Amino acid sequence: MSRTSVKSSIFPAVFGQGRSIPLKQGLLSKKSDHSWMSGEWVPKYVTLTGEGLLVYYPSLSDYLDSAGGKEIRLHTATVRIPGQNPDGVQCGVADKEEDHRNEKHSDSNIFEIISLSQQMWIFECRSCDERDEWVGIIGREIKACLQGPCSGVEGDVLSRVLDPGIGNNVCVDCGDDDPEWASVNHGIVMCIECSGIHRNLGSHVSQVRSLFLDCLSEEQITRLTTVGNYSFNQEREADLGRSFKPSPRDDREVKQKFIVRKYRDCWNFSNAKDNMK
């Protein structure tokens, strides 16, 4: 048998006929429940494609047969290692459970994927090196999704929205660099983790949009460029105290307490632009 014929007979069997070759694939263990304190570890065959899609199957044979796969869309998700600050989004876990997993699993082979709706998927690798490979490539794919061709704010407009002169080069709440989300009714920009907390407040409090996924109206863009993070915080954080303001490295629970107090508890804010003049 020629080398060419061997290659052609192997590749369809490994990657599956008619499907795109994954960016990464392999056998991982997945927690059967979305909780650290319950559930069993179940083996899954996991694939990551260049379309921002992670799919896990019961086995390799199921993947080859395209059977039983469950999808995780990474466009509005984050990946993190327990006990470390995530490079992006939210995680809705009770304090006791958070402490439990940080204490026991901070040096383990585990990573989590968390959506803006607070759904969580927990995976375990065979080594820390393998875990870091998965976290790295998933993180890069999330970033690529956010900067994809469906962006609604581009070029000079994006530069004006993210103008450092009005404080829009960092997150309005935690100060993290490179904000990619906005609260269009307040006229501010934020990181993806804080945006998840804003979503949980309800659209009557904060109307969250992606700067890279959503098409913003002229009115919304005008509000983002005329209000801005600096002026907004000068007014809104006046009674909160600087020591209370979280940093990018703080846990989500710290940021959540701050954001709830800042936007929901302190005062009912109806028109950011008018109040900031």
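Criteria and thresholds
- Residues numbered from 1 in each chain as written.
- Predicted model: local features only at pLDDT ≥ 70, side-chain atom pairs only at ≥ 80, totals over all residues.
- Heavy atoms only, no water.
- Pairing = 2+ DSSP bridges.
- Helix = DSSP H or I, 4+ residues; strand = E, 2+ residues; numbered from the N terminus.
- Axes fitted to C-alpha atoms, helices over the stretch in contact; angles between N-to-C directions.
- Contact = heavy atoms within 4.5 Å.
- Phe/Tyr/Trp six-rings, centres within 6.5 Å; stacked < 30°, edge-to-face > 60°.
- Buried < 20%, exposed > 50% of the residue type's maximum accessible area, 1.4 Å probe, protein only.

Peer 1: What should I look at first to understand the sheet that holds strand β8 (residues 181-183) in this one?
Peer 2: By way of backbone hydrogen bonds, the strands of a sheet pair with one another, either parallel or antiparallel. Strand order in the open sheet formed by three strands is β9-β8-β10, and the pairing between neighbours is antiparallel. Edge positions in the open sheet fall to β9 (188-190) and β10 (208-210), since each of these has one partner strand only. Looking at each pair of strands side by side, their axes are set apart by 35° on average, direction ignored. For β8 and β10, the ladder comprises three bridges, and the chain directions are antiparallel. Following the sheet pairing, Trp181 is matched in β10 by Ser210. Running at roughly 115° to β9, helix α6 (residues 192-201) makes contact with β8, β9 and β10 of the sheet.

Peer 1: Before we go on, may I ask you to explain the packing of aromatic side chains in this structure?
Peer 2: Aromatic ring pairs are reported here in terms of the distance separating the ring centres and the angle at which the planes meet. For the structure on display, the rule yields six aromatic pairs. For the ring pair Phe111 and Phe123, a centre distance of 5.5 Å and an interplane angle of 25° mean the geometry is stacked. Of this pair, Phe111 sits in strand β6 (residues 110-115) while Phe123 sits in strand β7 (residues 120-124), placing them 12 residues apart in sequence. There is no split in this pair, since Phe111 and Phe123 are both buried. Both rings, one in Phe244 and one in Phe258, keep their centres 5.6 Å apart while their planes meet at 50°; by these two values the pair is tilted. In this pair, Phe244 sits in the loop between α8 (228-236) and α9 (252-265) while Phe258 sits in helix α9, placing the two residues 14 residues apart along the sequence. For Phe244, a relative accessible area of 30% corresponds to the partly exposed category.

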